[in-house]
Amino acid sequence: MDRAKLVSLDKRHVWHPYTAMDRYEVEDPIVVARAEGPYFWDIDGTRYLDANGSWWVSTLGHRHPRLLRALAEQAASLAHVSLAGITHAPAACLAEELVAIAPGEGELSRVFYSDDGSTAVESAVKMAAQYWAQNGRPERHRFVALGDAFHGETVGASSLGGIPSFRDVFKPLLFDVHRISADPRRGGWEQAVGALAALLEAEGDTIAGVVVEPLLQGAGGMIVQPPEFLRQVRALTAKADAFLIADEVFTGLGRTGHWFACDVAGVVPDLLCLAKGLSGGLLPFAATLATERIFDGFRGARSRAFFYGHSYAGNPLGAAIAREVLAVYRDEEVLAQVTARAPRLAARFEGLAALPGVERPRALGMVAAVDLGRGGYLADAGWKVYAAARRRGLYLRPLGDTVYVAPPLNLPEAAFNELLDGVEESLREVLA
Ligand SMILES: *Cc1c(COP(=O)(O)O)cnc(C)c1O
């Protein structure tokens, strides 16, 4: 089918995520026909460098041959079966492997599977709530989340979310959370520690858990916090006996140059949420890791079981791919690749601040960002850079006025340089 026909079908029927459809209707969308490594190709042959790894999932690039092989091999014997009274090799072996690499010395010993980042977080929230409800502390049912937090799309995950443009319209549906801002523009992390300490002091007995995106708040605008912030939050939650829920859906699986952002701070959370890169951009697949203490809180009568579970929980294809993802990370030394490159990425973005109108350069591992103003998510500046980048064959979707890159972690050197040059040239063009 030709390009024009596809675009017309799409514009007639497809409702796109996070997309103002009136604007979209007058745009010429990219119609992707294939993808490989850090690139995808429009059906007309135009090549694009995928600067955000397709919404942060393609940590090993597109169609990594080993992941494709793992998928095909698994599909040849078992594509799906429920995890209800059933297990299979991919689910059992992956669980052991995740426990082995998780922060700490095996404290995060139990693995609960679900579908995507939102459900990994939803699982953690419900686990925490049910744990306290059936272990003598039902008054512990409130959560603390950060300002501009992003934890996903379900009503539960949205309740934790703090980005006004995603949240306000649903306000009447959402459960109430305590909100602490750790944004350097609004007082910074030291103030957030003080606020959390005061809150836990006053109302700690009612807190089920404190939820964070460790070190890096992604969708909120690539807000970076120092490891010390996470350590302080861990110390305060431990003291108040509130669970620390680490949402590493974005930061996990090597984004920071470590397996997990928690490792950078030497912190072990009570619950750890994983998705996105876990299945290397092939299939939706997620896991929530919990401590033995939390798991033990669900032992006993049938009525104490964790009443939660998605149809595709522990899907064999996803689990087999995730196992291969972990193996590729080891064999290709992906974490070391990130650590080696991170300083160059950071230095290049630091340099961008010399351009007039570019503010707040920041970087962590294979993520770097600058702001073009303070207009937030609905601002236009980032979209002008997006258009300029697209003309150069660089897919650089912004978060409002935040221009950022979160490319595959293993992108080849030539693509890495192309990325750095492309961002700079696009910014120069727009700001000239
Ligand atoms: C993307 C994201 C989610 C949601 O993941 P989905 O797979 O889109 O449901 C949750 N938490 C964080 C930190 C994320 O970046």
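Computed from a predicted model, the values in this text were never measured in an experiment. (Residues numbered from 1 in each chain as written. Predicted model: local features only at pLDDT ≥ 70, side-chain atom pairs only at ≥ 80, totals over all residues. Heavy atoms only, no water.)

S.K.: Is there a simple way to explain the sheet that holds strand β13 (residues 359–364) in this structure?
M.R.: Through backbone hydrogen bonds, the strands of a sheet pair up, either in parallel or in antiparallel fashion. Read across the sheet, 3 strands follow the order β13-β14-β16 without closing on themselves; strand pairing throughout is antiparallel. Each of the sheet's edge strands pairs with one partner strand only, and the pair in question is β13 and β16 (402–405). The mean angle between the axes of side-by-side strands here comes to 10 degrees, regardless of whether they run parallel or antiparallel. Where β13 lies against strand β14 (residues 367–371), 4 bridges are found, and the strand directions are antiparallel. Its bridge partner lying in β14, Arg362 is registered against Ala369. (Pairing = 2+ DSSP bridges. Helix = DSSP H or I, 4+ residues; strand = E, 2+ residues; numbered from the N terminus. Axes fitted to C-alpha atoms, helices over the stretch in contact; angles between N-to-C directions.)

S.K.: What am I meant to see in a nonpolar patch on the surface here?
M.R.: A cluster of nonpolar side chains, contributed by Val155, Val169, Phe170 and Leu173, occupies part of the molecular surface with about 400 Å² of accessible area. Structurally, Leu173 can be placed in the loop between α8 (164–167) and β6 (178–180). We classify Leu173 as exposed; its relative accessible area is 56%. (Patch = residues over 30% accessible without salt bridge, like charges linked within 9 Å, V, L, I, M, F, W, Y side chains within 5 Å. Areas by Shrake-Rupley, 256 points an atom, 1.4 Å probe, with all protein chains shown as cover. Salt bridge = Lys/Arg side-chain N within 4 Å of Asp/Glu carboxyl O. Buried < 20%, exposed > 50% of the residue type's maximum accessible area, 1.4 Å probe, protein only.)

S.K.: Which parts of the structure should I look at to understand helix α16 (residues 413–431)?
M.R.: Since the α-helix advances by 3.6 residues per turn, residues separated by three or four positions end up pointing in the same direction. Taking 1.5 Å per residue as the helical rise, α16 with its 19 residues ought to reach 27 Å, and the 27 Å between its terminal C-alpha atoms agrees with that figure. Of all the residues in α16, the buried ones are Ala415, Phe416, Leu419, Leu420, Gly422, Val423, Glu424, Ser426 and Leu427. (Expected span 1.5 Å × (residues − 1).)

S.K.: Explanation requested: the state of the cysteines in the structure shown.
M.R.: Think of a disulfide as a covalent bridge from one cysteine sulfur atom to another cysteine sulfur atom. For the coordinates displayed, the defined rule picks out 0 disulfides. Just so you know, Cys273 is unpaired, no disulfide at all, and the nearest cysteine sulfur is the one on Cys262, 10 Å from it. On the basis of relative accessible area, Cys273 is assigned to the buried category, the value being 0%. (Disulfide = S-S within 2.5 Å.)

S.K.: Just checking my understanding: could you explain the packing of aromatic side chains for this structure?
M.R.: The description of an aromatic ring pair rests on the distance of the ring centres and on the angle between the ring planes. If you walk through the whole model with that rule in mind, you get 21 aromatic pairs. Among the aromatic residues, ring-to-ring pairing joins Phe40, Tyr48, Trp383, Tyr386 and Tyr395 into one connected group. Sitting over the face of the ring of Phe295, Arg110 holds its NZ or CZ atom 3.7 Å from the ring centroid. (Phe/Tyr/Trp six-rings, centres within 6.5 Å; stacked < 30°, edge-to-face > 60°. Lys NZ or Arg CZ within 6 Å of the ring centre and 35° of its normal.)

S.K.: Even after reading the chapter, I still don't get the site of the ligand, so can you show me in this structure?
M.R.: Taken together, Trp56, Asp116, Gly117, Ser118, Phe150, His151, Gly152, Glu213, Asp247, Val249, Phe250 and Lys276 are the residues near the ligand. Asp116 places a side-chain nitrogen or oxygen 3.5 Å from an oxygen atom of the ligand. Ser118 is positioned with one of its side-chain polar atoms (N or O) 2.5 Å from an oxygen atom of the ligand. In the complex, the protein chains occlude 85% of the 380 Å² of accessible area that the ligand would expose alone. (Near = heavy atom within 4 Å. Polar contact = N/O pair within 3.5 Å; in protein donor to acceptor, adjacent residues only side chain to side chain.)

S.K.: In this structure, what is going on with empty space enclosed by the protein? I would like to understand it.
M.R.: Any empty space left between atoms is shown by rolling a water-sized probe over those atoms. Evaluated as defined, the whole model comprises 2 cavities of 30 Å³ or more. Lining the largest cavity we find Val144, Leu146, Ile180, Ala192, Leu196, Val210, Val212, Phe229 and Val233. Of all the elements in the fold, those that place two or more residues in the lining of the largest cavity are β5 (142–146), α9 (188–203), β7 (207–212) and α10 (227–240). When the residues that make up the lining of the largest cavity are grouped by side-chain class, the tally is 9 nonpolar, no polar and no charged. If you add up the space inside the second largest cavity, you get close to 30 Å³. Around the second largest cavity, the lining residues are Trp56, Thr59, Val249, Phe250, Gly252, Leu253, Arg255, Lys276 and Gly277. Looking at the lining of the second largest cavity residue by residue, the classes come out as 4 nonpolar, 3 polar and 2 charged. (1 Å grid on protein atoms, 1.4 Å probe; cavity = no way out; pocket = protein on both sides within 12 Å on 5 of 7 lines; lining within 4 Å. Points joined across faces, edges and corners; volume = space filled by probe spheres on them. Nonpolar A, V, L, I, M, F, W, Y, C, P; charged D, E, K, R; others polar.)

S.K.: It is not clear to me how the nonpolar core should be interpreted in this structure. Could you clarify?
M.R.: Across soluble globular proteins, you tend to see nonpolar side chains buried next to one another. Ranked by internal contacts, the top residues of the largest apolar core, which has 82 residues, are Leu98, Tyr329, Leu396, Val405 and Val423. Per-element accounting of this core gives the leading share, 7 residues, to helix α13 (residues 316–331). When residues no more than four places from it in sequence are discounted, the contact partners of Leu396 are Ala51, Val385, Tyr386, Ala389, Val403, Tyr404, Val405 and Val423. Ala120, Val121, Cys273 and Phe298 belong to the second largest nonpolar core, which has 28 residues in total. (Core = buried A, V, L, I, M, F, W, Y, C linked by side-chain atoms within 4.5 Å. Contact = heavy atoms within 4.5 Å.)

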